[in-house]
Structure formats: structure tokens, C-alpha cells
Amino acid sequence: MDKDKKEKNSSPLNHPLLIGVFTCLCLLAIFSLRESSKKAIISKESIEKLEKNIESLEKEVSKEDEKLKISQEPIALEKIIRNELLLKKDGEIVLQIPDEEQDKEVGKDLENKQSGPWQEWLRLFEN
């Protein structure tokens, strides 16, 4: 009977070193799986961000396409020719009305010219 007990205890699977190595391999596998799952989660998040970015860019491109289509219409081309290039048809008289911003800038320039250096210094310190 002692031989049977020794044979059972002497099997290689019962060796403490083998059990320790097997435990270490299992822990290493668990750690590796956790790291892989973290990488997968990060990849999924970055893919979602990129998809949102793509959607916003697609919307922007569609808006620009609409602007392009509108600008190619004959009415839009005529508007550009008349307003920006200041061209006219035969027999027409063109009057150009200045923008409000330009009027405000001219008014500020006139105020600056009418006020003296002391008023300019006071205006600088007030702002």
C-alpha cells in the first residue's frame, strides 16, 4: 500500500513547482485578457468619436454643396455681377449705398479729428 500512495504522490501533476507554474500562467492569461479588453474599449471610443466627426463633416459638405448649387443659379450670378463687380445693363443708372459699418468708421474718424489730444488721452483711460 505504501507503494500505491507513493505512486499517487509522485505523479507529475501533483508536483508543487508545476502547480506554481500553472498558477502563474493562469494569472498572466487573466492579466493579458484584461489589458486586451481595455484596448478594445479605447478603440471603440475612438471609433465613435471618429464617426461623429465624419457625420459633422458630411453635414458641412452638404451645406457647402447647397451653397454651390445656389451660387450657380442665374439670379445669383446676376447679383454678383451687379453688386460686387458694379456692372450694369444698358440704360441703367447704378447707385451704390455704403454699408453701415463703413459709415460708423468714418464717423469715428471725424470724431477723432475734432477732439484734441487731451480728449484722446481721456478716452484711452476710460476704456
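Residues numbered from 1 in each chain as written. Predicted model: local features only at pLDDT ≥ 70, side-chain atom pairs only at ≥ 80, totals over all residues. Heavy atoms only, no water.

## Describing a nonpolar patch on the surface
Residues Leu 77, Ile 80, Ile 81, Leu 85 and Leu 87 make up a contiguous nonpolar surface patch of about 420 Å² in total accessible area. In this structure, Leu 85 sits in the loop between α3 (74-83) and α4 (100-114). (Patch = residues over 30% accessible without salt bridge, like charges linked within 9 Å, V, L, I, M, F, W, Y side chains within 5 Å. Areas by Shrake-Rupley, 256 points an atom, 1.4 Å probe, with all protein chains shown as cover. Salt bridge = Lys/Arg side-chain N within 4 Å of Asp/Glu carboxyl O. Helix = DSSP H or I, 4+ residues; strand = E, 2+ residues; numbered from the N terminus.)

## A closer look at the pattern of salt bridges
Inspection of every chain in the model, using the stated rule, returns 2 salt bridges. The shortest N-O distance in the salt bridge between Glu 35 and Lys 38 comes to 3.8 Å. In this pair, Glu 35 and Lys 38 both sit in helix α2 (residues 16-71), 3 residues apart, roughly one turn of the helix. By relative accessible area, which is 49% here, Lys 38 ends up partly exposed. A salt bridge links Glu 64 to Lys 67; its shortest N-O distance comes to 3.8 Å. With Glu 64 and Lys 67 both in helix α2 and 3 residues apart, this pair spans about one turn of that helix. By relative accessible area, which is 44% here, Glu 64 ends up partly exposed. (Buried < 20%, exposed > 50% of the residue type's maximum accessible area, 1.4 Å probe, protein only.)

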